[in-house]
Amino acid sequence: MKEADCDVTVACTSERDICYVSKLPDDRILFDGAKDNGEKEFDFIMKLLKTGNYDVLFPVGELSTEFVTNYEEEFGKYAKLACTTKAAYAFAGNKQMTYEIILWQFKAGNGTN
């Protein structure tokens, strides 16, 4: 993101988080990451997005991507989301579907012997 000349702000739950200690972010925000079904996190992110200072919301990692896709409609009103849709994320996480696609590819001759 920095190579694309973007300002980068990271939201972390600890000063020991990798994103917090990185030299790359322009701004670092600490917030209470207490688990409350995501209500605090949702309110926190919405407050930031509504300022109009953010163009892209880019979740990093499985948990943050799942969280963002659960609120893609709400977050998407204020910023572009740099992740897949909730439906595609759920599809990709479906191990049975993954198995069936691989099996279909193998039977079609696209797999290795």
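It should be noted that the structure appears before, not after, this text.
Starting afresh in each chain, residues are numbered from 1 along the sequence in its written order. The predicted origin of the model limits local features to residues at a pLDDT of at least 70 and limits the giving and counting of side-chain atom pairs to 80 or more, whereas totals for whole chains, interfaces and linings rest on all residues. To obtain the side-chain values, all non-hydrogen atoms of the structure were included, while hydrogens and water were left out.

**Re the overall build of the chain**
The following threshold applies: For the purposes of this entry, the term helix denotes a DSSP run of H or I that reaches at least four residues, the term strand denotes a run of E that reaches at least two, and both are numbered from the N terminus. Partly exposed describes any residue whose relative accessible area lies between the buried limit of under 20% and the exposed limit of over 50%, with all areas from a 1.4 Å probe on protein chains only and scaled to the type maximum. In what follows, residue pairs with any heavy atoms lying within 4.5 Å of each other are defined as contacts. All accessibility values rest on the Shrake-Rupley procedure with a 1.4 Å probe; residue burial counts only the protein chains present in the view.
When you go through the chain residue by residue, the secondary structure sums to 6 helices and 4 strands. For the chain, the succession of helices and strands along the chain, N to C, is β-α-β-α-β-α-α-β-α-α. For the C-alpha atoms alone, the extent of the chain along its principal axes is close to 50 × 30 × 25 Å. By residue count, 19% of the 113 residues in the chain fall in the buried class. Looking at the chain alone, contacts between residues at least 24 apart form 29% of all its contacts between residues at least 6 apart. When the accessible surface of the chain is split by element, carbon and sulfur atoms take 54% of a total near 8,700 Å².

**Here's the deal with the nonpolar core**
The cut-off we apply is this: Note on terminology: a nonpolar core comprises buried Ala, Val, Leu, Ile, Met, Phe, Trp, Tyr and Cys residues joined through side-chain atoms within 4.5 Å.
By size, the foremost hydrophobic cluster in this structure holds 12 residues: Ile 29, Phe 31, Phe 42, Phe 44, Ile 45, Met 46, Leu 49, Leu 57, Phe 67, Val 68, Phe 75 and Ala 79. Mapped by element, the contributors of at least two residues to this core are α2 (39-49) and α3 (62-70). Looking at this core element by element, the count peaks at 5 residues for α2. If we ignore the near neighbours within four places in the chain, the residues touching Ala 79 are Leu 49, Tyr 54, Asp 55, Val 56 and Leu 57.

**A few points about the packing of aromatic side chains**
Selection criterion: Two aromatic rings from Phe, Tyr or Trp, using only the six-membered ring of Trp, form a pair when their centres are within 6.5 Å; if the ring planes differ by under 30 degrees the pair is stacked, by over 60 it is edge-to-face, and anything between is tilted.
As enumerated under the stated definition, the model contains 5 aromatic pairs in all. Both rings, one in Phe 42 and one in Phe 75, keep their centres 5.5 Å apart while their planes meet at 25°; by these two values the pair is stacked. With Phe 42 in helix α2 and Phe 75 in helix α4 (residues 72-75), this residue pair connects regions lying 33 residues apart in the sequence. Grouping residues by exposure puts Phe 42 and Phe 75 together as buried. Both rings, one in Tyr 71 and one in Phe 75, keep their centres 5.8 Å apart while their planes meet at 50°; by these two values the pair is tilted. Three or more aromatic residues joined by ring pairs form one cluster here, namely Phe 42, Phe 67, Tyr 71 and Phe 75.

**Some words on a nonpolar patch on the surface**
Let me state the cut-off plainly: Note that patches include only residues with greater than 30% relative accessible area and no salt bridge, and the join distances are 9 Å for like charges and 5 Å for nonpolar side chains (Val, Leu, Ile, Met, Phe, Trp, Tyr). By definition here, a salt bridge exists when the distance from a side-chain nitrogen of Lys or Arg to a carboxyl oxygen of Asp or Glu is within 4 Å.
Residues Met 1, Val 56, Phe 58 and Val 60 make up a contiguous nonpolar surface patch of roughly 400 Å² in combined accessible area. Judged by relative accessible area, Phe 58 falls into the partly exposed class, the value being 45%.

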